[in-house]
Amino acid sequence: MKRRNFIRKTGLTGLGLSVMPTSYSRNSLEEFIAPAFKPVCITTWNFHEANKKAGKLLDNKTSALDAVEQGVRVEEKNIKNHTVGNGGTPDRDGFVTLDASIMGPDGDCGSVAFLQNIEHPISVARKIMERTPHKMLVGKGAYSFAINNGFKPKNLLSPESREKWEEWLEHKDYKPIINIENHDTIGMLCLDQNGDMAGACTTSGLAYKMHGRVGDSPIIGSGLFVDNEVGGAVATGLGEEIMKNVSSFLIVELMRQGKSPQESCEIAMQRLISKNPSYNDFQVAFLALNKKGEVGSFCIHQGFTFMKYAKTINENISSKSLL
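Residues numbered from 1 in each chain as written. Predicted model: local features only at pLDDT ≥ 70, side-chain atom pairs only at ≥ 80, totals over all residues. Heavy atoms only, no water.

Trainee: In this structure, what is going on with the nonpolar core? I would like to understand it.
Mentor: As a rule of thumb, nonpolar side chains are buried together in soluble globular proteins. Residues Val124, Cys190, Val284 and Phe286 are the most contacted members of the largest nonpolar core, which totals 81 residues. Excluding residues within four positions of it along the chain, Phe286 makes contact with Val234, Ala235, Ser247, Ile251, Cys265, Ala268, Met269, Leu272, Gly296, Ser297, Phe298 and Phe304. (Core = buried A, V, L, I, M, F, W, Y, C linked by side-chain atoms within 4.5 Å. Buried < 20%, exposed > 50% of the residue type's maximum accessible area, 1.4 Å probe, protein only. Contact = heavy atoms within 4.5 Å.)

In structure tokens:
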């Protein structure tokens, strides 16, 4: 779909809140609106085991907050996953640095950024939320907090990730590859049996990023936002673009005003691309869940998929896309 046609069909002015058609993307996939049902768990990308873990916990009456934490931990410890946690791809200096955030149904949140040598940053983020007066700790401070709260240090640079980093050093090409390097995040939203919602987001960030770079994942409102009265949203892809638009917060606010999760994701994407004429060169994807259990997703390029667990069925679904 041409960008000018996309913008014309949205009919957006001002804050971009006017009525939109239900579908105008290239993919023929129907909207992901389903009858109200809970519990429901959704996760960015094809993180099958993580979503299954959280979904089964929800079926066993576990809270949404516990489910999202335990769910994303599956990928944080998965050494074969080079975009999250242990075994993550390092920055250009050879350090694996992690970002994560978590939000509970009471509106509280916690996050960590530029954390090294701790396998489960999502659990550190939760302890920051529950045990400190702060919402974010970074770098050495986050590491010291983790050690003081019982986390064990661990070398997260796997032999395979080290080998690939050493190969990268030979040419130092830093151009993100759409749907390869850009699938750098696991974002998860859970709606439990009580109708409460929580979310989690965790990543090792862009491969071979500058040392010290922090993406959207630990930034509340960018990589993750949950409002238990309305719903939640997570984002994945090029974090710099997501941060510029506080995209997850925007999606939730659009749902608050009566838009469906699908409409909200598409409007938020229009906002993002309208500010960057180079959107063809990167991937960004949004995933949203409202309190009715309705799901929406939208991405720039084809290739983004998400997991949905409901009624004991754990399935991978292709997202609608702009291009």
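Trainee: Mind showing me how you'd approach the environment of Thr312 here?
Mentor: Structurally, Thr312 is set in the loop between β11 (305–310) and β12 (313–318). Taking relative accessible area as the criterion, Thr312 reaches 58% and is therefore assigned exposed. It is 9.6 Å that separates the C-alpha atoms of Thr312 and Pro39, two residues lying 273 residues apart in sequence. (Helix = DSSP H or I, 4+ residues; strand = E, 2+ residues; numbered from the N terminus.)

Trainee: How should the sheet that holds strand β10 (residues 295–299) be read in this particular structure?
Mentor: The five strands lie next to each other as β7-β8-β9-β10-β13, forming an open sheet whose pairing is mixed. At either margin of the open sheet sits one strand with a lone partner, and together these are β7 (224–227) and β13 (320–321). Relative to the sheet, helix α8 (residues 247–256) contacts β7, β8 (231–237) and β9 (284–290), its axis offset from that of β8 by approximately 145°. (Pairing = 2+ DSSP bridges. Axes fitted to C-alpha atoms, helices over the stretch in contact; angles between N-to-C directions.)

Trainee: What exactly am I supposed to notice about the packing of aromatic side chains here?
Mentor: Within a pair of aromatic rings, the relevant descriptors are the distance that separates the centres and the angle that separates the planes. Counted by the stated rule, this structure contains three aromatic pairs. When the ring of Trp168 is compared with that of Tyr208, the centres are 4.7 Å apart and the planes differ by 15°; the resulting orientation is stacked. One end of the pair, Trp168, is in helix α6 (residues 159–168); the other, Tyr208, is in the loop between β6 (197–203) and β7, and 40 residues separate them in sequence. Summarising the burial analysis for this pair, Trp168 and Tyr208 share the class buried. (Phe/Tyr/Trp six-rings, centres within 6.5 Å; stacked < 30°, edge-to-face > 60°.)

Trainee: Even after reading the chapter, I still don't get α8, so can you show me in this structure?
Mentor: Since the α-helix advances by 3.6 residues per turn, residues separated by three or four positions end up pointing in the same direction. Counting buried positions along α8 yields eight of 10 residues, so the element is predominantly enclosed. Along α8, the positions that sit buried rather than exposed are Ser247, Ser248, Leu250, Ile251, Val252, Glu253, Leu254 and Met255. In this structure, the buried residues of α8 make contact with β7, β8, α7 (239–245), α9 (261–274) and β9. In the segment just after α8, Gly258 is the residue with positive phi, at about 105°.

Trainee: Would you mind going over the sheet that holds strand β5 (residues 185–191) with me for this structure?
Mentor: Through backbone hydrogen bonds, the strands of a sheet pair up, either in parallel or in antiparallel fashion. Across the sheet, which stays open at both edges, the eight strands sit in the order β4-β3-β2-β6-β5-β1-β11-β12 with mixed pairing between neighbours. The sheet is open, and its two borders are formed by β4 (136–138) and β12, each paired with just one other strand. The mean inter-strand angle of the sheet, taken between neighbouring strand axes irrespective of direction, is 10°. Where β11 meets β12, six bridges bridge the pair, whose relative direction is antiparallel. In the strand pairing of β12, Ala310 is matched with Ile313. Each of β2 (98–103), β3 (109–115), β4 and β6 is contacted by helix α4 (residues 121–131), which is oriented at about 130° to β3, the strand it contacts most.

Trainee: Help me understand the packing of α8 against α9, please; the structure alone is not making it clear to me.
Mentor: The axes of two packed helices give the description: the angle between them and the distance between them. Taken N-terminus to C-terminus, the directions of α8 and α9 make an angle of 135°; their axes are 9 Å apart at the nearest point. The angle between the axes of α8 and α9 places the two elements in the oblique class. Crossing handedness for the pair α8 and α9: right-handed. Two secondary-structure elements touch here, α8 through Ser247, Leu250, Ile251, Leu254 and Met255 and α9 through Pro261, Ser264, Cys265, Ile267, Ala268, Arg271 and Leu272. The class makeup of the residues in the contact of α8 with α9 is nine nonpolar, two polar and one charged. (Parallel < 35°, antiparallel > 145°, perpendicular 65-115°, else oblique. Left-handed = near helix turned anticlockwise from the far one by under 90°. Nonpolar A, V, L, I, M, F, W, Y, C, P; charged D, E, K, R; others polar.)

Trainee: Whenever I open this one, the environment of Lys209 confuses me. Can you help?
Mentor: One can find Lys209 in the loop between β6 and β7. Look at Lys209 and you get buried, because its relative accessible area is 1%. Taking C-alpha positions, Lys209 is 7.8 Å from Pro90, a pair spaced 119 residues apart along the chain. Here Thr97 takes part through its side chain, which lies 2.9 Å from a polar atom of the side chain of Lys209. (Polar contact = N/O pair within 3.5 Å; in protein donor to acceptor, adjacent residues only side chain to side chain.)

Trainee: Which parts of the structure should I look at to understand the pairing of β11?
Mentor: The side chains of a regular strand alternate between both faces of the sheet. The element β11 is largely enclosed, with a buried count of six among its six residues. Burial along β11 is two-sided: the residues Thr305, Met307 and Tyr309 and Phe306, Lys308 and Ala310 are all buried. Summarising the sheet, strand β1 (residues 40–44) and β11 pair through five bridges and their orientation is antiparallel. Along β11, the bridge assignment pairs Thr44 with Phe306. In sequence, β11 turns back onto β12 through a hairpin of two residues, with Lys311 there showing a positive phi of about 55°.

Trainee: Explain unusual backbone geometry here, please?
Mentor: The phi angle of most residues is negative, glycine excepted, and most peptide bonds adopt the trans form. Even without a glycine there, the phi angle at Trp45 is positive, about 60°. Its place among the elements puts Trp45 in the loop between β1 and α2 (48–59). By relative accessible area, Trp45 is classed as buried at 6%. The backbone of Lys311 shows a phi angle near 55°, a positive value even though the residue is not glycine. Examined against the element boundaries, Lys311 turns out to sit in the loop between β11 and β12.

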